[in-house]
Amino acid sequence: MFILAIDSSCDDTAAAVLEGDRSVLANVISSQFDVHARFGGIVPELASRRHIEAIWPVVNEALHKAGIPLERIDMIAATQGPGLVGSLLVGFTFAKGLALVRNIPCVGVDHMAGHLLAAFLETPAPAFPYVALVVSGGNTSLYEVTDYTTFRPLGHTRDDAAGEAFDKVAKLLNLGYPGGPAISRTATRGRPDSISFPRAWLDKDSLDFSFSGLKTAVLNHVNRCRQKNEPPAVADICASFQEAVVEVLVEKTIKAAVGCGRRTVVLGGGVASNPRLRETMKKRCRELQLRLLVPAPVYCTDNAAMIGLAGYHQYQLGRTVIPDADVYSRFQVM
Ligand code: KG4
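Scoring rules and cut-offs
- Residues numbered from 1 in each chain as written.
- Predicted model: local features only at pLDDT ≥ 70, side-chain atom pairs only at ≥ 80, totals over all residues.
- Heavy atoms only, no water.
- Salt bridge = Lys/Arg side-chain N within 4 Å of Asp/Glu carboxyl O.
- Helix = DSSP H or I, 4+ residues; strand = E, 2+ residues; numbered from the N terminus.
- Pairing = 2+ DSSP bridges.
- Axes fitted to C-alpha atoms, helices over the stretch in contact; angles between N-to-C directions.
- Contact = heavy atoms within 4.5 Å.
- Near = heavy atom within 4 Å.
- Polar contact = N/O pair within 3.5 Å; in protein donor to acceptor, adjacent residues only side chain to side chain.
- Areas by Shrake-Rupley, 256 points an atom, 1.4 Å probe, with all protein chains shown as cover.
- Nonpolar A, V, L, I, M, F, W, Y, C, P; charged D, E, K, R; others polar.

## Here's the deal with the pattern of salt bridges
Oppositely charged side chains may form a pair once their charged atoms are brought near each other.
No. 1: Overall, the coordinates contain 19 salt bridges when judged by the stated rule.
No. 2: A salt bridge links Arg284 to Glu251, with the shortest nitrogen-to-oxygen separation between them at 2.8 Å. Placement of Arg284 in helix H9 (residues 275-287) and of Glu251 in helix H8 (residues 234-260) is noted, with a sequence separation of 33 residues between them.

Here it is in structure tokens:
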């Protein structure tokens, strides 16, 4: 079965062609960094407009790279939510229209399901059940994954997502957008223990996250430096901020895995490409003899291959959408 998959949940227009659920024949991503960089964050209106321009060329490129003409596509999978409504509408409506014209099924996929299953695009693939941390610009969530369509939420952020905190702190330090890669690069020149930023552990057994206090602590630190006419030590701030984020992400994930009695931990989302997070998670998992699987960066950030994989399994359960199905902006209980 050949699948055309589309993701337009945020600021990347992505299309992929898969054969079944594992074999990715093409995976094309058109990023919008150039559109949003000067604003230091995503402008939803501009994102939707760029998706409209990009969607057909990106889908065409994926089909061309895969060497599979549209006539041979058996099913279309597209992200239905959560995300920016204007962005989602472009990809999802495009997918439904194409499926209608071609008289093939269309499946609406939850973006989180894609991230939670992305590790299956790699070898070795995980075995169920496992605990997964999805950490990106819009999400910071822990799930227990028991099969391809069953995801139990364990905890999520109560305010900013970790990636959002990276982006906001980078903006504050004039490091550009997206902030995550800029902060992790700058952090390599700083000392992670130089500034003691707060860690939000929340209630004793909570697996929820909170990053807005940490972001404010960085702002206060920078303001104090400016009041004293001292230039802020940017590399040390980046390293210390990153350490505070990483420590909480790692310890809560380990707590979730141990608490659920699971031996496998999977990471997903754009922040999962952070080298310090990968290294620290690896060390902690090794200490506790847990198996850690982290997809390659291209499958950590938003991509359509993971949507095709998740869509394939939805389709096996007969979950297709009707032409007037709508997108959704917020998390659904999966
Ligand atoms: O999953 P993703 O591509 O899409 C959205 O959530 O939109 O994640 C993007 C997020 C951004 O906030 C970006 O700053 C962050 O992932 N990110 C990183 C790194 N690379 C990307 N954060 C920390 N360290 C990185 N190396």
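## Quick look at the sheet that holds strand E4 (residues 75-81)
No. 1: An order of E3-E2-E1-E4-E5 is seen for the five strands of this open sheet, with the pairing classed as mixed. Lying at the two open borders of the sheet, with one neighbouring strand each, are strand E3 (23-31) and strand E5 (106-110). Neighbour to neighbour, the strand axes of the sheet diverge by 20° on average, direction disregarded.
No. 2: In this structure, strand E1 (residues 2-7) lies alongside E4, joined through four bridges in parallel fashion. Counterpart to Ala5 in the pairing with E4 is Ala77.
No. 3: Lying over the sheet, helix H2 (residues 44-66) contacts E1, strand E2 (12-19) and E3, oriented at roughly 25° with respect to E2.
No. 4: Along the sheet, helix H11 (residues 305-316) contacts E1, E2, E3, E4 and E5; its crossing angle with E4, the most-contacted strand, is approximately 105°.

## Focus: the site of the ligand
No. 1: Taken together, 20 residues lie around the ligand, and Gly137, Asp167, Gly180, Gly270 and Asn274 are the ones closest in.
No. 2: Here Gly138 contributes a backbone N or O atom positioned 3.4 Å from an oxygen atom of the ligand.
No. 3: In this structure, Gly180 approaches the ligand through a main-chain N or O atom, which is 2.9 Å from an oxygen atom.
No. 4: Against a free-state accessible area of 550 Å², the protein chains account for coverage of 88% of the ligand.
No. 5: Looking at the shell around the ligand, the elements that each hand over two or more residues are helix H5 (162-172) and helix H6 (179-187).
No. 6: At four residues, H6 tops the list of elements feeding residues into the shell around the ligand.
No. 7: Among the residues forming the shell around the ligand, the class breakdown is five nonpolar, 13 polar and two charged.

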